[in-house]
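Fold and contact review
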Amino acid sequence: MTTDLNMVIANLIDDLAEIQESKQSRMGYRRAAHAVLLLAQPVTALIQPGEDHPTIPNVGPKSLRVVREVLETGASPTVEAAVIASGKVAAIELRRARRGNFLSRAKVIEALGDDRLTGPTLADYRGDLQMHSDWSDGRLTVAAMAQACLARGYRYAAMTDHAHGLPSAHGLSVADLARQREAIDQVNRDLGDRFCLLAGVEANIGLDGSLDLTPAELRAVDLVVAAAHAGLRLPDDQTARMVAAVRTPGVHILGHPRGRQRGVRAGIMADWDRVFAAAADSRVAIEIDGDPHRQDLDFELAGRAAEAGCVFALDSDAHSASELGFVDIALAHARLAGVPAERVINCWPLGRLLEWLGDGRPRL
Ligand SMILES: [Zn+2]
């Protein structure tokens, strides 16, 4: 992959944000970094080196200086000097270590349009298998999320609100899940053959690898995403935890496997090749979560999961209708990893997906 210049620049402006004393200038730099991340084109297409008065919306003159320096030298002496002067070198180094293999929007668009890359496109994609409604921490009703999926041309989707092990996200009790199932059944009656909304759940993986739902409860839902939401900053190896989770009968997808967050936390440390081998053996799909702050797995680890023989779930992890578009980021990572569409369960016809979700779980 060629250098993601927009990401390089956004990261450097982000560094500037982190070392600001005043909240106002911190916010200003954060806005500028975000604006660069969301550009549809690489900055090289917007600004020519040596151009006197380049403009990028929401990017002020001090940030534009960083843009110009990177375009001219590949680095920013201004940022490096400011970081040293701030006395926060160690904190910035930590942030830098936690930003590996994230993609800017321009890079995502490039990967989606690059026909030298094989792998799934949005046209191959039939439905999102991790999204949230107002039953847990999402913004819309299950009916509104289904309509938003239908408007994107999907054939199916899974509603995967959090289970009760995650009270901070208003996780659902088993009784709540049963009541939500009734709302989902109603959506399916209303939409008929046009769309299938699966009743899923995002089960929480405890520190010991156990889930917050019993085997019987797991069997009562159509689709189970298992994901870790705690212990994401531990320096210890957590291979056993993740292997236990993917070995749990009833789990279909290992959601946002590392639990990383851009610049904030590295996520779980594990021997991922062993986790992927266990997932391939248990026929559990590895998720590429498209949330821009997660991008989890990234293309590099996804490539290793592909080598291990895993199938993949490419999900938006949307908490609103517009966030369904995050799936572009997951698709881009899959394409950069060389994951064939055939291995992406979201690209399978509904009948094949349902068969795989069922007990038999036939091999590919
Ligand atoms: Zn989650």
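Structure first, text after, so check above.
How each quantity is defined
Residues numbered from 1 in each chain as written. Predicted model: local features only at pLDDT ≥ 70, side-chain atom pairs only at ≥ 80, totals over all residues. Heavy atoms only, no water. Helix = DSSP H or I, 4+ residues; strand = E, 2+ residues; numbered from the N terminus. Buried < 20%, exposed > 50% of the residue type's maximum accessible area, 1.4 Å probe, protein only. Donors = N, O, S within 2.8 Å, 3.2 Å for Na, K, Ca; no water. Salt bridge = Lys/Arg side-chain N within 4 Å of Asp/Glu carboxyl O. 1 Å grid on protein atoms, 1.4 Å probe; cavity = no way out; pocket = protein on both sides within 12 Å on 5 of 7 lines; lining within 4 Å. Points joined across faces, edges and corners; volume = space filled by probe spheres on them. Nonpolar A, V, L, I, M, F, W, Y, C, P; charged D, E, K, R; others polar. Domains from an automatic or database assignment. Phe/Tyr/Trp six-rings, centres within 6.5 Å; stacked < 30°, edge-to-face > 60°. Lys NZ or Arg CZ within 6 Å of the ring centre and 35° of its normal. Arc of directions from axis to C-beta. Core = buried A, V, L, I, M, F, W, Y, C linked by side-chain atoms within 4.5 Å. Contact = heavy atoms within 4.5 Å.

Let us now look at the side chain of E69. Inspection of the secondary structure puts E69 in helix α4 (residues 61-73). By relative accessible area, E69 is classed as buried at 14%.

Taken together, E202 (OE), H229 (NE2) and H256 (NE2) make up the full set of protein donors to the zinc ion, lying 1.9 to 2.3 Å away. Here the donor residues of the zinc ion are spaced in sequence according to E-x26-H-x26-H. Here H229 lies in the loop between β4 (223-228) and α11 (239-247) and E202 lies in strand β3 (residues 196-205), a separation of 27 residues in the sequence.

Next up on the list: the pattern of salt bridges. Using the criterion set out here, one finds 20 salt bridges in the structure. Here R96 and D15 are joined by a salt bridge, their closest N and O atoms 2.7 Å apart. Here D15 lies in helix α1 (residues 5-19) and R96 lies in helix α6 (residues 89-97), a separation of 81 residues in the sequence. The partner of R304 in a salt bridge is D273, with the nearest N and O atoms 3.1 Å apart. Of this pair, R304 sits in helix α13 (residues 299-307) while D273 sits in helix α12 (residues 272-282); the two residues are 31 residues apart in sequence, bridging distant segments of the chain. Overall, the relative accessible area of 38% leaves D273 in the partly exposed class. When salt bridges that share partners are traced, they join D14, E18, R30, R95 and R262 into one network.

Turning our eyes to something else, we now look at the layout of surface pockets. Looking at the largest pocket, its volume works out to about 620 Å³. For the lining of the largest pocket, the elements supplying multiple residues, two or more each, are α1, α2 (23-37), α7 (105-113) and α14 (327-337). Its residues assigned to classes, the lining of the largest pocket shows twelve nonpolar, six polar and eight charged. Residue assignment places the lining of the largest pocket across two domains, with domain 1 (5-97) and domain 2 (117-357) each supplying three or more.

Moving on: the packing of aromatic side chains. For the coordinates displayed, the defined rule picks out three aromatic pairs. Relative to Y154, the ring of Y125 has its centre 5.3 Å away and its plane inclined at 70 degrees; by these criteria the two rings are edge-to-face. Taken together, the residues span a long stretch of sequence, with Y125 in the loop between α7 and β1 (127-128) and Y154 in the loop between α8 (142-151) and β2 (156-159) at a distance of 29 residues. Considered together, Y125 and Y154 belong to a single accessibility category, that of buried residues. Centroid distance W348 to W356: 5.9 Å. Interplanar angle 85 degrees. Geometry classified as edge-to-face. Of the two residues, W348 and W356, both sit in the buried class. The ring of F102 has R260 lying over it, and the distance from NZ or CZ to the ring centre is 3.7 Å. One cation-aromatic arrangement involves R352 over W348; the distance from NZ or CZ to the ring centre is 4.0 Å.

Bringing helix α15 (residues 350-357) into the picture now. Those residues of α15 lying buried are L350, L353, W356 and L357. Projected down its long axis, α15 shows its buried positions confined to an angular sector of 125 degrees, all on one face.

This brings us to the nonpolar core. Nonpolar side chains in soluble globular proteins tend to be buried together. Core analysis: the biggest nonpolar cluster contains 72 residues, and M131, F195, L197, F312 and L314 have the highest contact counts within it. Broken down by element, the residue count for this core peaks at seven residues, all from α14. Dropping the residues within four chain positions of it, L197 is found in contact with M131, V142, A146, A157, A158, M159, I184, V187 and N188.

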